[in-house]
Amino acid sequence: MTQELSRSTWLEVDLSAVQHNFEQARRAVGPGVGVFPVIKANGYGLGAVPIAHRLAAAGADGFCVARLEEAATLRHAGIQHPLVLLSGLSQGAEEGVVALNLRPFVFDPGLLPSLSRAAGRSTVALFLKVNTGMSRLGMATTAVAAAVAQARTLPGLHLLGLVSHMACADQPDHPENDRQRHCLQTVLTQNGLTGSQVSLANSAALLSHPDNHFSWVRPGIMLYGASPFFPARSGQQIGLRPVVRWSARILQVDALPCGAAVGYGQAFVTQRPSRIAILPVGYADGYNRLLGNRGRVLLAGHSRPVVGRVSMDMIAIDVTEAESVAVGDRVTLLGSDGEASIDVEEMAAWRGTIPYEVLCNLGERVPRFYV
Ligand SMILES: Cc1ncc(COP(=O)(O)O)c(C=O)c1O
């Protein structure tokens, strides 16, 4: 690491933890069920390419992405596994799907003819996506029969099977989960697709009920060490290993008198003579502005509060109670430091969001190191 990086902010991504979490998914579904890690949005912010290489070596059956560009990045990095396009086939994407050899979720049967034309003399493998209750992409159950017939007759198309997505899987006891699963089962039976490649489960669904597994599963958030359940439990409580540690080095330490204001809007005023340290991390790095006067960091294994507003490139922390503190000391914003830790669920709760958003918002300018 260069001197400059060592004085700034960086993320460490533990690929062995990602692999462990993948193996937890594999164990949960058992043999015979495909595991296709979801590495869209640059692997939930942590780096799709290194994660894909690691999980390919660990036995992933394929990968799921959301966009053509994400698939292209993986193909250019040498990933030859099946790639599923979760956000589906949109108008104008047909050529790209063929060129990158992707398996799109087709939610609009009206695009099957243009996909067939784009295939030319090659064959595109595809899934039909059916709406079983989420109403976010997916054809109506009543449209499936005609779509199956079309996908089977148009040249260049190979129908792999049917997929759907659960709306309430993060709450395993929610009655909608059983209802959606039964709806999918009915559509499969009615259309003679029970033996096809069927997928319903994300992380929460695959961990909560074996009936959700069908032929292949699509774990995302659990790979990155966070619990998929709501209200959030810690990923560690369900056997997952944390994947990310976010660190920064102190830029400045200032001794301030009682009554000194800190940061924009003077939103924090010292109530005693204080030592305030400045960290080179702000909302441009993904440290959300809502964490002003609310977030906490770890310094030498002790929790210290963020004081004042979060600015674009900096935050202030109150280190008055720290035994010793100096410019260049390492501070942990996310992850563990000795016995203490700030997990992604905790940071999400501070700002009223979910772990997914915390990870996806980690700023592009924060360098990632893979350990
Ligand atoms: C269609 C689909 N399947 C699977 C996943 C993975 O979900 P999770 O990260 O909750 O495991 C997602 C993520 O949003 C998705 O959109």
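Participant: What should I look at first to understand the nonpolar core in this one?
Facilitator: Most often, soluble globular proteins keep nonpolar side chains buried together rather than apart. Judged by nonpolar contacts, the single largest core of 112 residues is most densely connected at Ile 39, Leu 46, Leu 128, Leu 162, Trp 246, Tyr 287 and Leu 333. Considering every element that reaches this core, the biggest residue donor is helix α2 (residues 15–29), with six residues. Residue assignment places this core across two domains, with domain 1 (15–227) and domain 2 (244–342) each supplying three or more. Residues contacting Ile 39, with those up to four places away along its chain left out, are Ala 48, Ile 51, Ala 52, Phe 63, Cys 64, Val 65, Leu 74 and Tyr 224. One finds Leu 256, Phe 268, Ile 276 and Val 307 within the second-largest nonpolar core, a separate group that totals eight residues.

Participant: What should I look at first to understand helix α4 (residues 48–57) in this one?
Facilitator: Residues separated by three or four positions in an α-helix point in the same direction, a consequence of the helix having 3.6 residues per turn. Among the residues of α4, those classed as buried are Ala 48, Ile 51, Ala 52 and Leu 55. Down the axis of α4, the buried set is contained in an arc of 100°. They therefore lie on one face. Taken together, the buried residues of α4 touch α2, α3 (40–44), β3 (63–65) and α5 (68–76). At the C-terminal side of α4, Gly 59 shows a positive phi close to 105°.

Participant: Honestly, the site of the ligand in this entry has me stumped. Any pointers?
Facilitator: Around the ligand, 13 residues are found, and the nearest of them are Lys 40, Tyr 44, Ser 203, Ile 221 and Tyr 356. Between Ser 203 and the ligand, the recorded distance is 2.5 Å, taken from a side-chain N or O atom to an oxygen atom. Surface burial for the ligand is 92%, taken as the share of its 400 Å² of free accessible area covered by protein chains. Cavity membership is defined here by more than half of the atoms lying within 2 Å of grid points; on that basis the ligand lies in the largest pocket. Taken together, the residues that form the shell around the ligand break down as six nonpolar, four polar and three charged.

Participant: Is there a simple way to explain the domain arrangement of the chain in this structure?
Facilitator: When cut into domains, the chain gives domain 1 (15–227) and domain 2 (244–342). The distance between the C-alpha centroids of domain 1 and domain 2 comes to 41 Å.

Participant: Is there a simple way to explain the pairing of strand β13 (residues 274–279) in this structure?
Facilitator: For a regular strand, side-chain orientation follows a simple rule: the groups alternate between the two sheet faces. Across the six residues of β13, five count as buried, placing the element largely inside the fold. One ladder, built from five bridges, connects strand β10 (residues 252–256) with β13; its direction is antiparallel. Looking at the pairing, Gln 252 lines up with Ile 278 of β13. Pairing of β13 with strand β16 (residues 315–318), which is carried by four bridges, proceeds in the antiparallel orientation.

Reading guide: rules and limits
- Residues numbered from 1 in each chain as written.
- Predicted model: local features only at pLDDT ≥ 70, side-chain atom pairs only at ≥ 80, totals over all residues.
- Heavy atoms only, no water.
- Core = buried A, V, L, I, M, F, W, Y, C linked by side-chain atoms within 4.5 Å.
- Buried < 20%, exposed > 50% of the residue type's maximum accessible area, 1.4 Å probe, protein only.
- Helix = DSSP H or I, 4+ residues; strand = E, 2+ residues; numbered from the N terminus.
- Domains from an automatic or database assignment.
- Contact = heavy atoms within 4.5 Å.
- Arc of directions from axis to C-beta.
- Near = heavy atom within 4 Å.
- Polar contact = N/O pair within 3.5 Å; in protein donor to acceptor, adjacent residues only side chain to side chain.
- Areas by Shrake-Rupley, 256 points an atom, 1.4 Å probe, with all protein chains shown as cover.
- 1 Å grid on protein atoms, 1.4 Å probe; cavity = no way out; pocket = protein on both sides within 12 Å on 5 of 7 lines; lining within 4 Å.
- Sits in = over half its atoms within 2 Å of the grid points.
- Nonpolar A, V, L, I, M, F, W, Y, C, P; charged D, E, K, R; others polar.
- Pairing = 2+ DSSP bridges.

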